[in-house]
Amino acid sequence: MPIIDADTHIDETEATWEYLREFEQEYKPITQYPSRVDPSKNPTRYWLVDGHRQMRFVRDDNNTRTTVETRELLDVQKRLRDMDAMGTEVQVLYPTLFLMEATERPEVSTALRRSYNRWLADRCAESTAAYVGSACRR
Amino acid sequence: MNMDETIKELQFAKDHGACGILRKATWKPASGLPILISLLCTKKPTASTCRSASTSVPGTPDFVPAREFSLGSFMRSQLPTVHAFHTIIRHQLPVKYPKLRFGIIEAGCSWVPFIAWELKRRMEKAADGSGTFSQFARYSLSSGFAQGQPHVRHLPGR
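Definitions and cut-offs
Residues numbered from 1 in each chain as written. Chains lettered and ligands numbered in written order. Predicted model: local features only at pLDDT ≥ 70, side-chain atom pairs only at ≥ 80, totals over all residues. Heavy atoms only, no water. Core = buried A, V, L, I, M, F, W, Y, C linked by side-chain atoms within 4.5 Å. Buried < 20%, exposed > 50% of the residue type's maximum accessible area, 1.4 Å probe, protein only. Helix = DSSP H or I, 4+ residues; strand = E, 2+ residues; numbered from the N terminus. Phe/Tyr/Trp six-rings, centres within 6.5 Å; stacked < 30°, edge-to-face > 60°. Pairing = 2+ DSSP bridges. Axes fitted to C-alpha atoms, helices over the stretch in contact; angles between N-to-C directions. pLDDT = per-residue confidence, 0-100. Contact = heavy atoms within 4.5 Å.

### A closer look at the nonpolar core
Residues and elements named next belong to chain A.
Part 1: One finds W17, L112, W119 and L120 to be the most contacted residues of the largest nonpolar core, which totals 19 residues.
Part 2: Elements with a minimum of two residues in this core: β3 (46–49) and α4 (106–124).
Part 3: With 7 residues, α4 is the single largest residue contributor to this core.

### Details of the packing of aromatic side chains
All names here are of chain A.
Part 1: Counted by the stated rule, this structure contains 4 aromatic pairs over all chains.
Part 2: Ring centres 5.8 Å apart and planes at 90° place the aromatic pair W17 and W47 in the edge-to-face group. A residue pair is termed long-range when its members are at least 10 positions apart, and W17 in the loop between β1 (3–9) and β2 (30–32) and W47 in strand β3 qualify at 30 residues. In this structure, W17 and W47 share a single accessibility class: buried.
Part 3: Arranged with centres 6.2 Å apart and planes meeting at 85°, the rings of W17 and F98 form a pair that is edge-to-face.

### Here we look at the sheet that holds β3(A)
Residue and element names in this part refer to chain A.
Part 1: Read across the sheet, 3 strands follow the order β2-β3-β4 without closing on themselves; strand pairing throughout is antiparallel. The two strands at the open ends of the sheet, each matched to only one other strand, are β2 and β4 (52–55). Ignoring strand direction, the axes of neighbouring strands in this sheet form an average angle of 40°.
Part 2: Of the pairings in the sheet, the one linking β3 to β4 comprises 4 bridges and is antiparallel in character. Considered in β4, the bridge of W47 is made with Q54.

### Notes on the confidence of the model for chain B
Predicted coordinates in regions of low pLDDT should not be interpreted in detail.
Residues and elements named next belong to chain B.
Part 1: Per-residue pLDDT for chain B has a mean of 61; in total, 40% of the residues score no lower than 70.
Part 2: Per-residue pLDDT, averaged within each element of chain B, yields its smallest value for strand β2 (residues 52–53) (39) and its largest for helix α1 (residues 3–15) (82).
Part 3: Predicted confidence for residues 43–61 stays below pLDDT 50, and this span has 52 contacts to residues more than four positions away or in other chains.
Part 4: For the stretch residues 149–158, pLDDT sits under 50, and the model shows 8 contacts to residues farther than four places along the chain or on other chains.
Part 5: The complex model carries a pTM of 0.69, and its ipTM stands at 0.81.

See the structure below:
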């Protein structure tokens, strides 16, 4: 019986925003780090979106049993191998950043989601059978 | 984004393998939602009968600005889930779109007994005769699923 993982996520990466059009470049999220680092706490970083910080998670490979290559779809074949190891045939992919409303400006939100959709489509194209993406719409 | 552009974007997504729409709730009514759902329902199944819809259906307001409380609004209340489930049933979306499946995800299952009791009572009283408990049960069993998530400390290896 095929297993469908109906709720799995990807982490957005810099490449996610490479599909912004020329006139949308000003909306491109950038990664920021806290100015004062507390070594007793887990490392933190942020997406700066439209002047506001949104959490960009720093995940533990051992705890999540994933790697940055699989989480950010940098290595799709590796993610496919992980799926094979788990016996998962299909994953329905959800974003991470868009679970929280990153901006209240529709033009920014639309541009980011459009870029995300194209990035995900390109990543999914590397696997014709195993990925089912989740389109974002504001 | 206007509706024409939205449909174009969804057509792009559909052509590239998307099976659902992740939609955050807003205060504004989503007049185009039937169009969007219709678009999804006409999709040829890619690999399964799986259909996914966001729990954030129209009418589910997001009371806490996530921009200010980055993890608060999405994570801490299951009331929007109850509202979303009500909306799906009361608008008879499973009847209108029988191939569409609804997933209530990342919201636990503790609300299911409550909503079963509450919807039974509500639908038995419905003046339009739109619902009986058996009809509700048919909706739920044929079209919906709720995904439970164990508390993290109960996961193996934790």
